[in-house]
Protein chains: 2
Amino acid sequence: MNLAPAEKRFTPIIILLLVAALVAVIALWATDNAGRQTAGGHRGEALAGSDEYFEWKLVTTWPKNFPGLGSAAENLSRMVDEMSNGRLKIRVYGGGEIVPALGVFDAVSQGVADAGHGAAYYWKGKVPSSVFFTAVPFGLNAQETFGWLHYGGGLELWEEAYAPFNLVPMGGGSTGVQMGGWFNKEINSIEDLQGLKMRIPGLAGEVFTAAGGTSVTLPGSELYTSLQTGVIDALEWVGPYNDRILGFHQVAKYYYYPGWHEPGSVLEFIVNKESLAALPEDLQAIVRYAARASSQDMLDEYTGRNNEALRELIEDHGVELRRFPDDVLRALWEGTREALDKLATNDPMAAKVYASYSDFYKGVRNYHHISEQSYINLRDVVLEDEDF
Amino acid sequence: MNLAPAEKRFTPIIILLLVAALVAVIALWATDNAGRQTAGGHRGEALAGSDEYFEWKLVTTWPKNFPGLGSAAENLSRMVDEMSNGRLKIRVYGGGEIVPALGVFDAVSQGVADAGHGAAYYWKGKVPSSVFFTAVPFGLNAQETFGWLHYGGGLELWEEAYAPFNLVPMGGGSTGVQMGGWFNKEINSIEDLQGLKMRIPGLAGEVFTAAGGTSVTLPGSELYTSLQTGVIDALEWVGPYNDRILGFHQVAKYYYYPGWHEPGSVLEFIVNKESLAALPEDLQAIVRYAARASSQDMLDEYTGRNNEALRELIEDHGVELRRFPDDVLRALWEGTREALDKLATNDPMAAKVYASYSDFYKGVRNYHHISEQSYINLRDVVLEDEDF
């Protein structure tokens, strides 16, 4: 029996609730404030975002861990992991692991994967202007292409070309100038190209066909056997560092130079627009600069490794180097002009990119005549056969 | 007046305290758990470290915001700020702001500043081997030097050479090949070098003096007036993009090529070892990869900007380009060999670095004969005077 009036009976409960609320508020405030004190006031909001954890799938057009070409994505993943303190994990899949090698563009466009690594000119059927972002026969070399992309308006055009596909492109390394390729017979004149079956994809393939050859598109995995069995008479892949691994020196005698078809192939990272936008700003920056750092690293890797591989091919495997005759190169240049004109006529975006590219080309070629080109030739004038 | 017994009076207070404690515990648990759910359990420790805030001073040998050379440090600072979400702020100081331009090495070594940007060959007096990490006359170009640093053992040697000074070196951009310089008279033979006073620092200056000239070391700020007043007869600075800004075309008629003395100058970031070690691992990675990304960016900037500046110098300012005669270049090469041999004889570390450098040089020159060099010459063979 409780003799106290109703209001007296409720007083302790009301006090209890008020005090509990006060304690809870103090506890929450104290916890929040502890975070702010170490973080610095202006970063409170950003730190809340920075605790989020992300996992990305990155699909590539290369076999998993393929030297050089495959290094870029692995390096990107490692750099992002280190810099983000594990907040963004990028899992790399080789070609065919979760999507086919040539399905990378669609997979990233549709959000099946968050990012991809490959070469823009693979998507020429969908984006005709894409050839300029990888390599054009007789075009810019690696250093020049990076100059055009980052200080000549190239990257902005690339972004414009890929925007309708929900993709953000970034430079993804370079192989440097690629070798002219492996041949089973000597090429002494333009007549020797007639009827020759060569694996040579992209715009260069069109040019080769226009010059009287037959261009064939085959994946890397089928090249060795196709050359061995005579399905093809010639092929180009990359350069000594990569070609040695696939063993072409076992089934072809002549290794041709100068490369004319891919003078400084720049690879690409592509990122799904929503996947990128979903990241806090610091992680977006980490992805962009890691791409840039891994891009430089690939060119350094090729520059460092190609020469060792070339020496081995020649000294240990008896490969014979041959130079394409000038008239063959001139015929291929004529074909290249026609192919580029056709490309620009049929696609307004390709015309716009071509204009930017050729404008940069004129200027940089002019300057490199008296700088990079002049210097690299000077070494032979002064050193002759001496070693440094 | 309260008629209830003592134990009855305390009951509501006890309940109140118990409930308040429970609410507080629940509130704290809920807050903590919300953090863990987004963070992922394995990162608890690392996240605690990542809340720390750092400020670095970076001192440079360049005037603040100098185009190209000065961009690297500003880009590094911006990239690190974005990627670290403001946890590492790097404040950049131009030469002379807090330490003299040529006091950068000592300042970072002694911890007066945390980091620096300059060129390794400035410290030749302290570290004779340092010339190889910047540029050597007739040596590796930019692409080749980066290849040597990152895939030829160069960076490890650089780290070894700087370790006694408490410094960690990183590549900090490249100007590409530098121009031969500005002259007030034509150089037609080795006789024309006799007694010629030229501002040309470093190993190249020694070589120039051995060839009969007189090398002078002057800071960039004094070059214009010195050439104008005849204190010097010639000077080299960088290339069109930088030279145009200093106005040398107003006081010299001839612009010489090919550059022979700095074929691909690589700049440097130096970081105080303790400053770097004091950062959590993610920030250390951010500094390293930002250096790499900003390094690539500088070469792209020079590649993009030099050609515009060259056109302006020739078309708008009537600058006349001249080529050094081959016999002059050969004499300078002989002097370079002697200077390098002397360097290696007097310093064991320089001998070790020279051996690595020349080994890489042989291989990469051999490969570039059939790749980069062969390709850049091919463009003239096929395009002749045509535009791309």
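Criteria and cut-off values
Residues numbered from 1 in each chain as written. Chains lettered and ligands numbered in written order. Predicted model: local features only at pLDDT ≥ 70, side-chain atom pairs only at ≥ 80, totals over all residues. Heavy atoms only, no water. Phe/Tyr/Trp six-rings, centres within 6.5 Å; stacked < 30°, edge-to-face > 60°. Helix = DSSP H or I, 4+ residues; strand = E, 2+ residues; numbered from the N terminus. Buried < 20%, exposed > 50% of the residue type's maximum accessible area, 1.4 Å probe, protein only. Least-squares fit on C-alpha atoms with pLDDT ≥ 70 in both. Contact = heavy atoms within 4.5 Å. Pairing = 2+ DSSP bridges. Axes fitted to C-alpha atoms, helices over the stretch in contact; angles between N-to-C directions. UniProt positions renumbered as here; feature names shortened; annotations may be inferred. Polar contact = N/O pair within 3.5 Å; in protein donor to acceptor, adjacent residues only side chain to side chain. Expected span 1.5 Å × (residues − 1).

1. Observations regarding the packing of aromatic side chains
A complete count under the given rule lists 50 aromatic pairs over all chains for this structure. Judged by centre distance (4.3 Å) and plane angle (35°), the rings of F388 of chain A and Y361 of chain B are tilted. With F388 of chain A in the segment after α15 (372-383) and Y361 of chain B in helix α14 (residues 348-370), the pair connects residues from two separate chains. Of the two residues, F388 of chain A and Y361 of chain B, both sit in the buried class. Both rings, one in W182 of chain B and one in Y255 of chain B, keep their centres 3.9 Å apart while their planes meet at 15°; by these two values the pair is stacked. Here W182 of chain B is found in strand β5 (residues 181-183), whereas its partner Y255 of chain B is found in strand β9 (residues 254-257), with 73 residues between them in sequence. Classification of Y255 of chain B by relative accessible area gives buried; the value is 0%.

2. Some details on the relation of the copies chain A and chain B
Here chain A sits on chain B after a turn of 180° about the axis and a move of 0.0 Å along it, with an RMSD of 0.0 Å. What the superposition gives is, in effect, a two-fold axis relating one chain to the other. No C-alpha of chain A lies nearer the rotation axis than that of A293 of chain A, which sits 2.3 Å from it. An overlap of 99% is found between the interface residues of chain A and their copies at the interface of chain B, pointing to a shared contact surface.

3. Structural notes on the sheet that holds strand β3 (residues 115-118) of chain A
Residue and element names in this part refer to chain A. Spatial ordering of the open sheet is given by β2-β1-β3-β10-β4, a layout of five strands whose pairing is mixed. This sheet does not close on itself; its edge strands, each paired only once, are β2 (88-93) and β4 (167-174). The average angle at which neighbouring strand axes cross in this sheet is 25°, direction not considered. Bridging between strand β1 (residues 54-60) and β3 involves three bridges; their strand directions are parallel. Pairing of L58 across the sheet is with A115, part of β3. Across the sheet, helix α3 (residues 71-83) is in contact with β1, β2, β3, β4 and β10 (266-272); its angle to β2 comes to roughly 165°. Strand contacts of helix α7 (residues 154-162): β4 and β10, with the helix running at about 135° to β4, the strand carrying the most contacts.

4. Digging into the UniProt feature "binding site: substrate" (unreviewed entry) in chain A
Residues and elements named next belong to chain A. Here, the residues flagged by UniProt with the feature "binding site: substrate" (unreviewed entry) are Q178, R199, E236 and E262. A maximum C-alpha distance of 14.2 Å is found for the annotated residues, which run over 85 residues; spatially they form one tight group. Looking at where R199 falls in the secondary structure, it is placed in strand β6 (residues 197-199). Beyond its immediate chain neighbours, meaning those up to four positions away, R199 contacts V216, L218, L223, I232, A234, L235, E236 and W237. Checked against the element boundaries, E262 lands in the loop between β9 (254-257) and β10. When sequence neighbours within four positions are dropped, the list of residues in contact with E262 reads Y121, A135, G176, V177, Q178 and E236. Within the structure, E262 has its side chain in polar contact with the side chain of Y121 (distance 2.7 Å).

5. A closer look at the sheet that holds strand β2 (residues 88-93) of chain B
Residues and elements named next belong to chain B. Read from one edge of the open sheet, five strands run β2-β1-β3-β10-β4, paired in mixed fashion. Whereas interior strands pair on both sides, the edge strands pair on one side only; in this sheet they are β2 and β4 (167-174). Put simply, the sheet's adjacent strands are angled 25° from each other on average, direction ignored. Along the sheet face, helix α3 (residues 71-83) touches β1 (54-60), β2, β3 (115-118), β4 and β10 (266-272) and points at about 165° away from the line of β2.

6. Points about the UniProt feature "binding site: Na(+)" (unreviewed entry) in chain A
This chain's UniProt record puts "binding site: Na(+)" (unreviewed entry) on W237 of chain A. Within the secondary structure layout, W237 of chain A lies in the loop between β8 (234-235) and α10 (240-246).

7. Let's talk about helix α13 (residues 326-346) of chain B
Spacing of three or four residues puts side chains on the same side of an α-helix, whose turn is 3.6 residues. The end-to-end C-alpha distance of α13 of chain B, which contains 21 residues, comes to 30 Å, matching closely the 30 Å that a straight helix rising 1.5 Å per residue would cover. When α13 of chain B is considered as a whole, its buried residues turn out to be V328, L329, L332, W333, G335, T336, A339, L340, L343 and A344 of chain B. Elements that come into contact with the buried residues of α13 of chain B comprise α15 of chain A together with α5 (131-134), α8 (202-210), β11 (320-323) and α14 of chain B.

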